[in-house]
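Below are the chains, spelled out letter by letter.
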Amino acid sequence: LIYFNTLDASWHFDDEPNILNNRGLHIHNLKPESLVRTFFTSPTAGGSISDSLYRPIPCLTFAINWYFGKGDVFGYHLVNIAVHILTTYLIYLTILNLLKAPKLQHRYNRKENFIAFLAAALWAIHPIQTQAVTYIVQRMASMAAMFYILGIYFYVKTRQSRISARRIGLLFGCAISFIFAIGSKQNAAALPFALLLIEIIGFQDLNRPGVRKAFWVGSIVGGLLLVALSVWLFLPGGSETLISGYDQRPFSLSERLLTEPRIVLFYLSLIFYPDPNRLSIEHDIQLSTSLIEPWTTLPAILTTIILIAIGISQYKKRPLLALAILFFYLNHVIESTFIPLELIFEHRNYLPSFFLFLPVAAGFNRLLDYYKEKNRAFRSVLIAFLVLFMIGIGAGSYIRNMAWATEKTLWEDAMQKAPNSHRPLHNLASYHYERIGQLDKALELYQKSLELRTNNNFANPSAMSNMALIYVRQNEYEKAIALWDKILSNKPVYGVHQYLYVIGSIEMKDWNRALTGINRLIEERPTDFNYNYLKGYVLLNLKDYRQALRYFERCLKLIADNHQALVGAGVCYSLLGQYQSAEDIFKTAHRYYPDNDLVLLWLVDTKLKQNERRAADRYLSRLLKITPVEELLESLEKNNTKHFLPPDSKTLILDMVKSAEDKKLDNIAG
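Residues numbered from 1 in each chain as written. Predicted model: local features only at pLDDT ≥ 70, side-chain atom pairs only at ≥ 80, totals over all residues. Heavy atoms only, no water.

Here we look at the overall build of the chain
Part 1 of the argument: Counting secondary structure elements, the chain contains 31 helices and zero strands.
Part 2 of the argument: Pairs at least 24 residues apart make up 69% of the contacts formed inside the chain by residues separated by at least 6 positions.
Part 3 of the argument: A total of about 30,500 Å² of accessible surface is found on the chain, and carbon and sulfur atoms cover 60% of it.
Part 4 of the argument: Positive and negative charge centroids in the chain, built from 70 and 57 side chains respectively, lie 12 Å apart. (Helix = DSSP H or I, 4+ residues; strand = E, 2+ residues; numbered from the N terminus. Contact = heavy atoms within 4.5 Å. Areas by Shrake-Rupley, 256 points an atom, 1.4 Å probe, with all protein chains shown as cover. Lys, Arg positive; Asp, Glu negative; His and termini not counted. Charge placed at Lys NZ, Arg CZ, Asp CG, Glu CD.)

Have a look at this one:
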């Protein structure tokens, strides 16, 4: 019920590069080869299939969603909510079994079920989880968390089983869960160390000298391994990638390390003071440039050390408190330390907060037990308070989800909560005002965003590139070129800005300028699908059909069923006079995209070129079923360049359309 108002919430922000514009996920069948291909669909690969795996488990689910629903958000939200529900149930089962571990059993007056249920329920309905559930692309975070808790569950059951075969099966399940968790998002690499924590809390006695020594050795070695694993997963190029990562950020490694303790404490404040008005996709965070600037830096570091020390010192006396604290900080190690990620995102708490409500639930259970004999009336008040509190928490999540309804509501909400941040203004301009045609308002927001704090060093050039594209649409080419010259004169020039420069040159129909720009991009990334397609498109407009065909065919080697590449190759074959080859290509495209008007239009032309008038009539009949006659006539009569039809082809097809319309009118009159 809490997430019911999100089923039609729109696409947002990173949803576009990861899903909507990620052509590798847009499958048209469920054949094994198509499904396996989705494992290699990194959004940074420019629409190509990359050489390495990219979060294959959620990518596979996105592809299946696309197969059944294309861009309709309903199915994606349904899966996200289902993952959240399943994760909640697994948290409940894990806590329930953990409370029966040797070191924890008999502590809770046989109220393990109540404690597990309350802890899982508080986690599930908390407003901070909305970013991981409602934000479609964050299925990566929620699926990683789901497999992570499944791995813990299998481990706890393994430790409680006395049957060897069953233990082997459960350990195998734990290992598979770990692989699937990392295959969803790399931050799940901390799972083995979480299992060590579970072992200490629930099963091992550190008072035994041998065990204590093994624990400390394991902790030190494990910590080093976690750092190494984090570098391997997030920074495949090692120190070089680390340095280049910070080259793109407006902060240094030391500044990030100083700032993150303040951010993690801010996360805790959001969790324990869950006012939806404090939650946002964007937060204004002042960088810590030293231990005293801002003054909260040193207190935050000291508070972090104290909390971790409390967690370590209380592992025996208050094990659930120790588990909550140490698990929370352990699972922030990867995303909240040295890796050059953005400073803050609320969805990063989805996994670390698994056990935060466990001591709360246990404490509340103790209160209920205490007042059961002392004061039954007050006990009833406590129960009523709990019910009202949970209703309030759930209502807070429902209210927070309202902000995710559209791009406009999300980024206007973020503008109010992070007024000094560049991103809300930029994204409100890009994802809303540009798309509804309010270009002057978009320009105004872009201009204001240039004066605000950015999250990366290409944010301002991106805003300027978008402004330049608006100037192109307004035929103010000199302003556009001046902006691009300013962007491209700075170093380094990021590919996205060069790419937008090419797009702008295409919009201006300055094909030679576009060709120069796209050649630079292809030198850097020769296997990028988007770059190869654009070069083919530019060469097609320059009437270099043979060279254009070469690039479209290169695109088809990258993604065999892409409709743009298929159409481009078919057009080149037709304009080269190779009509049978063109027909073969267009038929392949028609098989994948039966309702694509451009494919049908070219099939009509190809059949006419081969003097197969009856077949051309059949394709025209299909075309007229999906494209209004007036729209098709207008496109052909206005000499629309998007379809590249030669003048003689347009004349023939125009005559066919008018003749078909006349026959239709005669039949109606008859």
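This is not the end of the story, as more comes after the structure.
Digging into the packing of aromatic side chains
Part 1 of the argument: Within the structure shown, the criterion is met by 27 aromatic pairs.
Part 2 of the argument: On the basis of an interplanar angle of 50° and a centroid distance of 6.0 Å, the ring pair of Tyr153 and Phe154 is categorised as tilted.
Part 3 of the argument: Relative accessible area serves as the criterion here: at 17%, Tyr153 is assigned to the buried category.
Part 4 of the argument: One aromatic cluster in this structure is built from Trp123, Tyr148, Phe327, Tyr350, Phe354 and Phe355.
Part 5 of the argument: The ring of Tyr433 carries Lys441 above its face, with NZ or CZ at 5.9 Å from the centroid.
Part 6 of the argument: Sitting over the ring of Tyr592, Arg591 keeps its end group 5.5 Å from the ring centre. (Phe/Tyr/Trp six-rings, centres within 6.5 Å; stacked < 30°, edge-to-face > 60°. Buried < 20%, exposed > 50% of the residue type's maximum accessible area, 1.4 Å probe, protein only. Lys NZ or Arg CZ within 6 Å of the ring centre and 35° of its normal.)

What about a positive patch on the surface?
Part 1 of the argument: A grouping of Arg107, Lys317, Arg318 and Arg366 is seen on the molecular surface, where their side chains present a positively charged patch.
Part 2 of the argument: Mapped onto the elements of the fold, Arg107 is located in the loop between α4 (73-98) and α5 (112-125). (Patch = residues over 30% accessible without salt bridge, like charges linked within 9 Å, V, L, I, M, F, W, Y side chains within 5 Å. Salt bridge = Lys/Arg side-chain N within 4 Å of Asp/Glu carboxyl O.)

Details of the side chain of His590
Part 1 of the argument: Secondary-structure assignment places His590 in helix α27 (residues 579-592).
Part 2 of the argument: Residue His590 is classed as buried on the basis of its relative accessible area, which comes to 15%.
Part 3 of the argument: Here His590 is in contact with Val599, Leu600, Leu603, Tyr619 and Arg622, once residues within four sequence places are set aside.

A look at the packing of helix α20 (residues 459-473) against helix α22 (residues 495-507)
Part 1 of the argument: Put simply, α20 and α22 touch, their axes get as near as 10 Å, and they point 5° apart. As summarised for this structure, α20 and α22 are arranged roughly parallel, according to the angle between their axes. Side by side, α20 and α22 meet where Pro461, Ser462, Ser465, Asn466, Leu469 and Val472 of the first sit next to His497, Leu500, Ile503, Gly504 and Glu507 of the second. (Axes fitted to C-alpha atoms, helices over the stretch in contact; angles between N-to-C directions. Parallel < 35°, antiparallel > 145°, perpendicular 65-115°, else oblique.)

Re the pattern of salt bridges
Part 1 of the argument: Scanning all chains against the criterion turns up 24 salt bridges.
Part 2 of the argument: In this structure, Arg435 engages Glu16 in a salt bridge whose closest nitrogen and oxygen atoms are separated by 2.5 Å. Taken together, the residues Arg435 in the loop between α18 (422-433) and α19 (439-449) and Glu16 in helix α1 (residues 15-20) connect sequence positions 419 residues apart.
Part 3 of the argument: Residue class for Glu16 comes out buried when judged on its relative accessible area of 13%.
Part 4 of the argument: Ionic pairing is found between Glu583 and Lys607, a salt bridge with its closest N-O pair at 2.6 Å. On the criterion of sequence distance, the pair formed by Glu583 in helix α27 and Lys607 in helix α28 (residues 597-609) is long-range, its members being 24 residues apart.
Part 5 of the argument: In the salt-bridge network here, residues are joined through shared partners; they are Glu282, Asp284, Glu342, Arg423 and Arg453.

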